[in-house]
Amino acid sequence: MPTTVTMPRLSDTMEAGTVIKWHVKEGDTVATGDVLADVETDKATMEMQTYDDGVVAKLLIGAGDRVAIGTPIAVIAVDGEDASSAGAAKPAAAAAAPAPRAAASTDSPVAVTGTVVMPSAHADTGARARISPVARRMAEELGVDINSLRGTGPGGRVIKRDIEAAATRKGSGAVAAPASIMPVVAAPAPAAAASMPVVAGPGSREVAVSGMRQTIARRLVESKSTIPHYQVSMRFNMDPLLELRKMLNAQLEPQGVKLSVNDFIVRACALAMAQHPYFNASWAGDRIIIHGEVNVGVAVSLPAERGGGLVVAVIRNADQKGLRQISLDTRALAEKARTRGLGPEDMMGATFTISNLGMYGVDHFTAIINPPNSAILACGAAVERPVVRNSQLCVGTELDATLSLDHRVIDGAMAAEYLTTVRHNLENPATLLV
Amino acid sequence: MSTVTVIDPTMTATREIEFRDALREAMSQEMRRDPRVFLLGEEVAQYNGAYKVSKGMLDEFGPRRIIDTPISESGFAGMAIGAAMMGLRPIVEFMSWSFSLVAADPILNNAPKMLYMSGGQFGCPIVFRGNDGAGGQLGSTHSWCVEGLYSNVPGLKMAIPSCPEDAKGLMTTAIRDDDPVFFLESERMLGMKGHVPEGDYLVPFGQAKVRREGTDCTLVSFGRPVNFCLDAAAELAKEGISCEVLDMRTIRPLDIDSIVRSVRKTNYGVVVDQSWSFGSPGSEVASQVHQHCFDDLDNFVHRVHSADVPTPYAFNLEQEYLPNARRICEAVRSCLYRA
C-alpha cells in the first residue's frame, strides 16, 4: 500500500498549514528523516520529514497551497511498489486514508523536525480534537481555544459545558495555567480585522498575509486592547559594562564566544527576578500566577526570504545560566529562526520578553507586551553622549531602556524598583559574572 | 359550510370528558354537519362499539350511516375506499390497527396512491381509525404499532393524538381532509379524561404543540408516549433538568420546524416513539434533526423505542418493553452527559 502523507498538526492551535516549498518532486527516492517540505503554520515555518522509505509517487498540493490538517498532501510508494501506479491510485489512496490518522499520531508518516512533544490536551488521542458540533460553534463565537480544554464527554469529547466553563473562566479573565510556566492561554482574540474599511487606490498593491503575520496581528491587537499598558524608562551608564565586555570578548575570542550587550541585559533582567517576582508573572483574571522558572524571550526578526516578521525565542532558566550559555543559546536560536525556523518548543513559555533595536541605532522605543507576560523591556543603542559625572561634564556611553507593563500586575513604583535593580546589575557588571 | 375557528381548547374548555367521548363528539358533529360522512366497522352499531367509542350513534344516525360489518377488514376497507372515490367520506373503525394488516392492500396500495394513479380524477377522503400499540397484555399479534410501517407510504396523513382535546380537534380535521388519514388511538388512553370544548374546532395537521416548556433538553413524541414524556419531565425536573416536551400530533405531515426551534434552544434532542426503532418515525425525526441542527447539537439525538422484540404478553415484560418514563429519564441523562 502506498503511504498517504497528510498535513500534520505542528502546533497546538494549528488548523491548517501551507506548504511553502517542496523539497522533493515526484519520482524522487526518499528515506526516513528526509525533509519533504517546509510547512508554514500559524506560528512558524517548519520542516516536515518522512517516516517512510520509498519513492514520491504524487504531490497532491502545490507550493503555496493551504490545507486543513489531515488533508492528504503527498503519496509515497513503499516496498518496491510501482510509483506510477501508486500515484495513479491517488484518489483512492487519499480517500482511503482515515482522516483521524492524520494529526499527531505517532505512527504518522510525518513528523516535525526534532519530534516535538506538543502540549496539546489532545495529543494522547492521536486524533483531531473530539468536539460536539455545538461546542465547536460556541468556541468560535466565544473565542475559546478548544485545544486548551480537556473534554468531559465520552472519550474526552469537548462538549457544551466545557466551553461554557471555559468562557466563564475567561469572562472573569482567568484561564487555568496547566503548569506554572505554561502560557496563560490566549484570551479572546478580538478581530485582527481592519477596524476601518480600507480601499485599494490607484498604484496600490495587495500583499498576501502569512500565517505568522496573522498571528502577530491577532496577538498584538489582543495584547494592546486588553492589557492596561504603561511605560517607565530609565537611562543606564554602560561604560563599565562595555569595558568589561571588551576585556571578556578579547579573552573568549579563541573559544569562539562573543558576548553581546543584549546577553548582559538578558542576564541582568533575569537575575533581577529574584527580588522582583511580579515581573515574572501573569495576570490570570482573578489571581496572579508567579512563574517558577525565569524564561526570557528575545524578539528575533526574520529575514525577508523567510517571509519576514518576528518570533520570540526563549532562553529557558535564564537566571541560572551564565553569560556564556545565554550567548550560545541566543545565537543558536537566532540562527535557527533565520534559517530553518523555530519549533514550538523554542517559542513557548516565555515569562518576560526583551526587544532590542540597539543594533539598528535606535535611541529609544516602546514595545507591546507579549501575552501572557506582564512586562517587556525595549532597549535602544548604547550611545556616547555628553554626561555629567561627579559634577564634571564628560563623554559617557548610555543606553535608554523602556519597560512596558501590565498595570493589573505591576504598579509604577514596582517598575521603578525593578529598573533600579537592573541598573545596578548593568552598572556594576561584575555582579553578572557570578 | 359553517365557520370553524381554530382554537386552543385548553384555554376555553371547562368540562371534562373521556378520550372516547371526544372522538365520538367529533364524528357525530361532523355527521350532523355533512351527510356524506358515515362510520363502518366491526361492532360499531348494535354493540355500541367494541370500546364504546360509537355509543349511541346508531340511535341518532340509523343503520344506513352506522354500519356493522363482517369480520373482513380487507372487504370493508376496500368497500369504503370505493365509496370515498365516489365522493362519500367514510370513517373506517379497525377494532385494532393490528387487524388492519389483513387490509394492507386496500389501505396502503390503493387509498394513498389513488389521487396520483388516477391523475387527479379520484381522491380518497377517508379516515381509518382504531387502537394502536400495546393495549395491555394482548400478546404480540394484537399489540401492533403501525406508525413505522404505514408512515413510510407517501400520500397518506397520520394523526396520533395524546389527549382528549387533540383527539376531537384532530378527528374533525381528519374527516374534513381530502386525503386518507390514518388515525391512531390507544386502548390505554380511551378512558383518559380531559377538558374538551363543546363546539367544533380544528387542530391543524403538521403543527406540534409544546406540552411542557423547558430549556435543557427537547423531548419529541406523539401519541401515548407523550404522557410518558410528561412523567419523565416531572421526574427529571427534580434533578434540575428542564425538559421541553413536544407533542407532534401528526407525523405526516411532520412539524420539523418546531422541533428545530426547540433543539436550537436546548442543544439536545431525545425522540420517544413506541414503534420499533429500525426505520421508524423516531429514526426519521433523528435524521432530520441531524440535518437541520447539526451545528446546534452537543450530542447525537437519542431515541427511546419499544424494545426490538415482539411485544411480550407478561405484564412486567410488557411494561419494560415500552418506552416508559424510566427509560426516557435514562436517555435524557445520557444525552446530557449526566449518566
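Residues numbered from 1 in each chain as written. Chains lettered and ligands numbered in written order. Predicted model: local features only at pLDDT ≥ 70, side-chain atom pairs only at ≥ 80, totals over all residues.

Moving on, we come to helix α9 (residues 225–237) of chain B. If you check α9 of chain B, its first and last C-alpha atoms are 18 Å apart, about what 13 residues at 1.5 Å a residue would give, namely 18 Å. On its buried side, α9 of chain B packs onto β9 (209–212), β10 (217–221), β11 (243–247), β13 (269–272) and α13 (325–335) of chain B. (Helix = DSSP H or I, 4+ residues; strand = E, 2+ residues; numbered from the N terminus. Expected span 1.5 Å × (residues − 1). Contact = placed C-beta atoms within 7 Å.)

For the rest of this paragraph, the subject is the confidence of the model for chain B. Across chain B, the average pLDDT comes to 95, with 96% of residues at 70 or higher. As scored by the predictor, the complex reaches a pTM of 0.53 and an ipTM of 0.74. (pLDDT = per-residue confidence, 0-100.)

Close reading of the predicted structure is inappropriate where its pLDDT is low. Here chain A shows a mean pLDDT of 81. Residues at 70 or above account for 82%. Between residues 173–191 of chain A, whose pLDDT stays under 50, and residues either more than four places distant or in other chains, the model counts 52 contacts.

Counting residues in hydrophobic clusters, the biggest one holds 111 residues, and the most contacted among them are Val 92, Leu 219, Cys 229, Val 270, Ile 328 and Val 332 of chain B. Residue contributions to this core peak at seven residues, all from α9 of chain B. Excluding anything up to four places from it in sequence, Val 270 of chain B contacts Cys 217, Leu 219, His 302, Val 304, Ile 328, Ala 331, Val 332 and Cys 335 of chain B. In this structure, Ile 76, Ala 270, Trp 283 and Leu 419 of chain A belong to the second largest nonpolar core, which totals 79 residues. (Core = buried A, V, L, I, M, F, W, Y, C linked by C-beta atoms within 7 Å. Buried ≥ 20, exposed ≤ 12 C-beta atoms within 10 Å, placed from the backbone.)

Residues and elements named next belong to chain A. For Thr 353, the location among the structural elements is in strand β15 (residues 352–356). Sequence separation between Thr 353 and Ala 375 is 22 residues; the distance between their C-alpha atoms is 6.9 Å. Contacts of Thr 353, omitting those with residues within four sequence positions, involve Gly 297, Ala 299, Val 312, Asn 370, Asn 373 and Ile 376.

What follows is about the environment of Tyr 418 of chain A. All names here are of chain A. Within the secondary structure, Tyr 418 sits in helix α10 (residues 412–427). C-beta crowding within 10 Å serves as the criterion here: with 24 such atoms nearby, Tyr 418 is assigned to the buried category. Taking the C-alpha atoms as reference, Tyr 418 lies 6.4 Å from His 276; in sequence the two are 142 residues apart. Not counting the four nearest positions on each side in its chain, Tyr 418 is found in contact with Ala 272, His 276 and Phe 279.

Moving on: unusual backbone geometry. Residue Pro 372 of chain A is reached from Pro 371 of chain A by a cis peptide bond, and omega for that bond is 5°. Its location among the elements puts Pro 372 of chain A in the loop between β15 and β16 (375–389). With omega at 0°, the peptide bond leading from Arg 252 of chain B into Pro 253 of chain B counts as cis. Tracing the sequence through the fold places Pro 253 of chain B in the loop between β12 (250–252) and α10 (256–266). Backbone geometry at Asn 267 of chain B places phi at a positive 70°, although glycine is not the residue there. As for its position among the elements, Asn 267 of chain B is in the loop between α10 and β13. For Asn 267 of chain B, a count of 26 C-beta atoms within 10 Å puts it in the buried group.

The next thing to look at is the packing of α9 of chain B against α13 of chain B. Residue and element names in this part refer to chain B. Look at α9 against α13: their axes get within 8 Å of each other, and the N-to-C directions meet at 55°. Relative to α13, the element α9 lies oblique. For α9 against α13, the interelement crossing comes out right-handed. Across from Phe 228, Cys 229, Asp 231, Ala 232, Glu 235 and Leu 236 in α9, the residues of α13 making contact are Ala 325, Ile 328, Cys 329 and Val 332. (Axes fitted to C-alpha atoms, helices over the stretch in contact; angles between N-to-C directions. Parallel < 35°, antiparallel > 145°, perpendicular 65-115°, else oblique. Left-handed = near helix turned anticlockwise from the far one by under 90°.)

Residues and elements named next belong to chain B. The strand order β9-β11-β10-β13-β14 describes an open sheet built from five strands, whose pairing is mixed. Taken across any chain shown, the strands that pair with only one partner, and hence form the sheet edges, are β9 and β14 (302–304). Neighbour to neighbour, the strand axes of the sheet diverge by 25° on average, direction disregarded. With three bridges connecting them, β13 and β14 associate as parallel partners. Note on β14: the bridge partner recorded for Val 272 is Val 304. (Pairing = 2+ DSSP bridges.)

This brings us to the interface of chain A and chain B. Accessible area lost when the parts come together is the quantity often used to give the size of an interface. Between chain A and chain B, the contact holds eight residues from the first and eight residues from the second. The greatest single-element share of the side of chain A that touches chain B, amounting to four residues, is contributed by helix α3 (residues 133–142) of chain A. Its residues assigned to classes, the side of chain A that touches chain B comprises four nonpolar, two polar and two charged. (Nonpolar A, V, L, I, M, F, W, Y, C, P; charged D, E, K, R; others polar.)

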